[in-house]
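The primary structure of each chain is shown beneath.
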Amino acid sequence: MIALVKTAKGVGHMELQEVPTPEVSPDEVLIRVKACGICGSDLKIFDDHHPYTPPVVVGHEFSGEIVELGGKVSKWQVGDRVVSEQHVGACGYCRPCLTGNSFACASKRACGYFTDGAFTEFIKVPARLLHRIPDGLSFVEAAFTEPSAVAVHGTLERTGINPEDVVLVLGSGPIGLAAARMAQAAGASQVIVTGIDGDEKARLPKARELGIDHVVNVMNTDLAELVDQLTDGRGADVVIELTGALPAIEQAFTLASRLGKVGIIGQPPTDEVSIPYRNAMFRALVVSFSYSSKFTSWERALSMFARGAVKPAQFITHILPLADWEEGFRLAHTGEAVKVVLEP
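The sections below set out a description of the structure shown in this document. Everything numeric in this text was worked out from a predicted model, so none of it was measured.

With respect to the sheet that holds strand β1 (residues 2–6)
Logical step 1: Ordered by their spatial adjacency, three strands build an open sheet running β2-β1-β4, and the pairing between neighbours is antiparallel. Edge positions in the open sheet fall to β2 (14–18) and β4 (56–57), since each of these has one partner strand only.
Logical step 2: Two strands pair when backbone bridges link them, and β1 and β4 are joined in this way by two bridges, in the antiparallel orientation. What sits directly across from K6, in β4, is V56.
Logical step 3: Set on the sheet, helix α11 (residues 325–334) makes contact with β1 and β2; between it and β2 the angle comes to about 150°.

In structure tokens:
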């Protein structure tokens, strides 16, 4: 089968190769990949700015159809339409696993990074990671489940949105836009989404199309002044940081209200980040860090899709064949696309 492989460490070293079709173990299923989205982490793997173990088939935002069952698999059938969590290798016995947080298991080896992923024709995954695609949702739409689950986990589960909250989302990438829509669905009174000049190509126009209350280009609008105006000087009840940019991370703490909440999802380029620690302490901010997702995140994302509270088709701007992966990566990297989906 043909697969997009990161062949070695360093910038680039990514190409289409012929690789063997995976063989399933007793507790696994083989899935024919129907669609797989390009994630920011895929771009970082290309640029050698994200952990991975080469050679590895990249891609993890996928949907597909079961074509083979391992001998111990029950409750699933060949032909079932599915998406899958990423927690391959989770041990099942540590405290995170036993408390439903296998994303934090030290043994986890996410597909597309440390085990073979889904920019290919077939992928094998443990059956325990599967979720059923709702009727009426296409495979392309279902490929948006993984980033949506990340948004659910970081925004709704770890940080939390209360009705009438003013929510500030720093960053207008796919997860940021999904988080903004979820905040609206959760009853936020006002939702603010930010971006920069480069985001005017696709992301900020998409935010306006989605009906986000306030869409702000921070390069020509004073964000702090706007937040003050919208909240009578109180600050945002919830700030979700999704850019990973060092100035934005610091600003997340200063724009939150007293007793407000800050959710950190964006990945900075360094381990050392400066924050206004004492300022945050004396205002008694609640700070949560989030990455990945868990079972409930996926179920909630799929439920929102099924109910139409979040419409994944609105976020997908480009659908390309896997053979055109370079163009897809270019569109995603330049900001000309919101979400690019590749079809094998």
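Now that the structure has been shown, we can carry on.
Thoughts on the pattern of salt bridges
Logical step 1: Summed over the entire model, instances satisfying the criterion amount to nine salt bridges.
Logical step 2: Among the ionic pairs, D80 bridges to R132, the shortest N-O distance being 3.3 Å. Of this pair, D80 sits in the loop between β5 (61–69) and β6 (81–84) while R132 sits in strand β8 (residues 130–132), placing them 52 residues apart in sequence.
Logical step 3: Given the relative accessible area of 14%, D80 is considered buried.
Logical step 4: Between R203 and D199 there is a salt bridge, with the nearest N and O atoms lying 3.7 Å from each other.
Logical step 5: Residue classification places R203 among the partly exposed positions, given a relative accessible area of 22%.
Logical step 6: The structure contains a network of salt bridges with shared partners spanning E327, R330 and E336.

Re the packing of helix α4 (residues 145–159) against helix α5 (residues 174–185)
Logical step 1: Relative orientation of the contacting elements α4 and α5 amounts to 55°, with a least axis distance of 9 Å. With respect to α5, the axis of α4 lies oblique. The way α4 lies across α5 gives a crossing that is right-handed. From α4, P147, S148, V150, A151, V152, T155 and L156 reach across to α5, where they touch I175, A178, A179 and M182.

Re the sheet that holds strand β10 (residues 190–195)
Logical step 1: With parallel pairing, the six strands of this open sheet are ordered in space as β11-β10-β9-β12-β13-β14. Each edge of the sheet is formed by a strand with only one pairing partner; in this case those strands are β11 (214–217) and β14 (286–289). The average angle at which neighbouring strand axes cross in this sheet is 15°, direction not considered.
Logical step 2: Relative to strand β13 (residues 256–264), strand β12 (residues 236–241) is paired through five bridges, and the arrangement is parallel. Paired with V238 across the bridge in β13 is K261.
Logical step 3: Of the strands in this sheet, β9 (166–170) and β10 touch α5, which is tilted by about 170° from β10.

Topic: the packing of α5 against helix α6 (residues 203–210)
Logical step 1: Put simply, α5 and α6 touch, their axes get as near as 11 Å, and they point 20° apart. Relative to α6, the element α5 lies roughly parallel. Handedness of the crossing formed by α5 with α6: right-handed. Mapping the contact onto sequence places P174, L177 and R181 in α5 and R203, K206, A207 and L210 in α6.
Logical step 2: Here the residues of the contact of α5 with α6 are counted per class, giving four nonpolar, no polar and three charged.

What counts, and at which threshold
Residues numbered from 1 in each chain as written. Predicted model: local features only at pLDDT ≥ 70, side-chain atom pairs only at ≥ 80, totals over all residues. Heavy atoms only, no water. Pairing = 2+ DSSP bridges. Helix = DSSP H or I, 4+ residues; strand = E, 2+ residues; numbered from the N terminus. Contact = heavy atoms within 4.5 Å. Axes fitted to C-alpha atoms, helices over the stretch in contact; angles between N-to-C directions. Salt bridge = Lys/Arg side-chain N within 4 Å of Asp/Glu carboxyl O. Buried < 20%, exposed > 50% of the residue type's maximum accessible area, 1.4 Å probe, protein only. Parallel < 35°, antiparallel > 145°, perpendicular 65-115°, else oblique. Left-handed = near helix turned anticlockwise from the far one by under 90°. Nonpolar A, V, L, I, M, F, W, Y, C, P; charged D, E, K, R; others polar.

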